[in-house]
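A look at the structure
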Amino acid sequence: MSELLVDFITSLDGHASGEGWPGFWGLEGPEYLEWLGKQPEATYLMGANTYRLMSGFAAGVPNGQDEFRPEEEASVDELTQASKVVFSASLEEPLTWANSTLVRDDAVEAVRAMKSSGSGLLSTIGSLSLCRSLLRAGLVDRFRVVMFPVITGATGEERIYDGYPDVALEMIEHRTFDGRIQLVEYKPRVLEHPPLGVPA
């Protein structure tokens, strides 16, 4: 059975990106990049918006940027080589980004089937609404967040946790990279109600 990892890179205040900020908020370091380069092979799951964004990066340098930094280029190249499953009713086949498969079926049911019939690691990339749906359905085995030491109160975009259910998190790993980047990884459990009742 496959394992499903929801994987986010965030600012301290829970934004997935920030207007005008470079990849990794420009704060990645050698320890973090070495760890990133040693991640196990995975099939990446994403929605249409993330596919359009990431495949656009793979096709060329984003607007407003003269060139990719080496670590950004390496990250995009690795994703291009990886197997990717894209859930969308709006995209058309064939998908232009290499190693991408389009799935029009319900994402939750499709991932449930992928988990039960597969043996490798499934990992989300971006795709906030997809991650919320998979978490709500109880399909997520590991929930990992790498927090960068920046608060993007003025420029932050894509608030990750808005619309989430209440979730209990059992920590299974934590680590600090380069003396400033914090990784926390949890086993999530969706709660139907707070674990303790409020005294009368």
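Here is what the cut-offs are and how they apply
- Residues numbered from 1 in each chain as written.
- Predicted model: local features only at pLDDT ≥ 70, side-chain atom pairs only at ≥ 80, totals over all residues.
- Heavy atoms only, no water.
- Helix = DSSP H or I, 4+ residues; strand = E, 2+ residues; numbered from the N terminus.
- Buried < 20%, exposed > 50% of the residue type's maximum accessible area, 1.4 Å probe, protein only.
- Contact = heavy atoms within 4.5 Å.
- Areas by Shrake-Rupley, 256 points an atom, 1.4 Å probe, with all protein chains shown as cover.
- Arc of directions from axis to C-beta.
- Phe/Tyr/Trp six-rings, centres within 6.5 Å; stacked < 30°, edge-to-face > 60°.
- Lys NZ or Arg CZ within 6 Å of the ring centre and 35° of its normal.
- Salt bridge = Lys/Arg side-chain N within 4 Å of Asp/Glu carboxyl O.
- Pairing = 2+ DSSP bridges.
- Axes fitted to C-alpha atoms, helices over the stretch in contact; angles between N-to-C directions.

1. Observations regarding the overall build of the protein
Regarding its fold elements, the protein presents five helices and ten strands. Counting every position in the protein, which comprises 200 residues, the buried fraction comes to 42%. Taking all contacts inside the protein whose residues are at least 6 apart in sequence as the whole, residues at least 24 apart take part in 72%. With an accessible surface of roughly 11,200 Å², the protein has 51% of that area assigned to carbon and sulfur atoms.

2. As for helix α5 (residues 128-136)
Count 3.6 residues to each turn of an α-helix, and residues three or four apart come out pointing the same way. Along α5, the residues classified as buried are Leu128, Leu130, Cys131, Leu134 and Leu135. Projected down its long axis, α5 shows its buried positions confined to an angular sector of 160°, all on one face. The first or second residue beyond α5 is glycine 138, which carries a positive phi of 75°.

3. Considering the side chain of threonine 50
Note on placement: threonine 50 falls in helix α2 (residues 48-59). Judged by relative accessible area, which is 12%, threonine 50 ranks as buried. Sequence-distant contacts of threonine 50, defined by excluding residues within four places in its chain, comprise Ile125, Gly126 and Ser127.

4. As for the packing of aromatic side chains
Per the stated rule, a full pass over the model turns up eleven aromatic pairs. Measuring from centroid to centroid gives 5.4 Å for tyrosine 32 and phenylalanine 148, while their planes differ by 85°, and the two rings are edge-to-face. Taken together, the residues tyrosine 32 in helix α1 (residues 30-37) and phenylalanine 148 in strand β7 (residues 142-148) connect sequence positions 116 residues apart. Here tyrosine 32 falls in the buried class, since its relative accessible area comes to 0%. Linked through ring pairs, Phe24, Trp25, Tyr32, Trp35, Phe148 and Phe177 together constitute an aromatic cluster. Positioned above the aromatic ring of tryptophan 97, the side-chain terminus of lysine 84 is 4.6 Å from the ring centre.

5. Let's talk about the pattern of salt bridges
For the structure on display, the rule yields nine salt bridges. Residue arginine 112 is joined to glutamate 109 by a salt bridge in which the shortest nitrogen-to-oxygen separation is 3.5 Å. Linking arginine 112 with glutamate 109, this pair stays in helix α4 (residues 107-117), spanning three residues, or about one helical turn. The partner of arginine 142 in a salt bridge is glutamate 185, and the shortest N-O contact between them spans 2.5 Å. Taken together, the residues span a long stretch of sequence, with arginine 142 in strand β7 and glutamate 185 in strand β10 (residues 181-190) at a distance of 43 residues. With a relative accessible area of 2%, glutamate 185 lands in the buried category.

6. Re the sheet that holds strand β3 (residues 42-47)
Spatial strand order, β5-β4-β3-β6-β1-β7-β10-β9: eight strands in an open sheet with mixed pairing. The sheet terminates laterally at β5 (100-103) and β9 (167-177), the two strands that pair on one side only. Going across the sheet, the axis of each strand differs from the next one's by a mean of 25°, ignoring polarity. The pairing of strand β4 (residues 83-87) with β5 spans four bridges and is classified as parallel. If you follow phenylalanine 87 over to β5, its bridge partner there is valine 103. In the packing of α4 onto the sheet, contacts are made with β1 (3-11), β3, β4, β5 and β6 (121-124), and the angle to β4 comes to roughly 150°. α5 contacts β1, β3, β4, β6, β9 and β10 of the sheet and is inclined by roughly 135° relative to β1.

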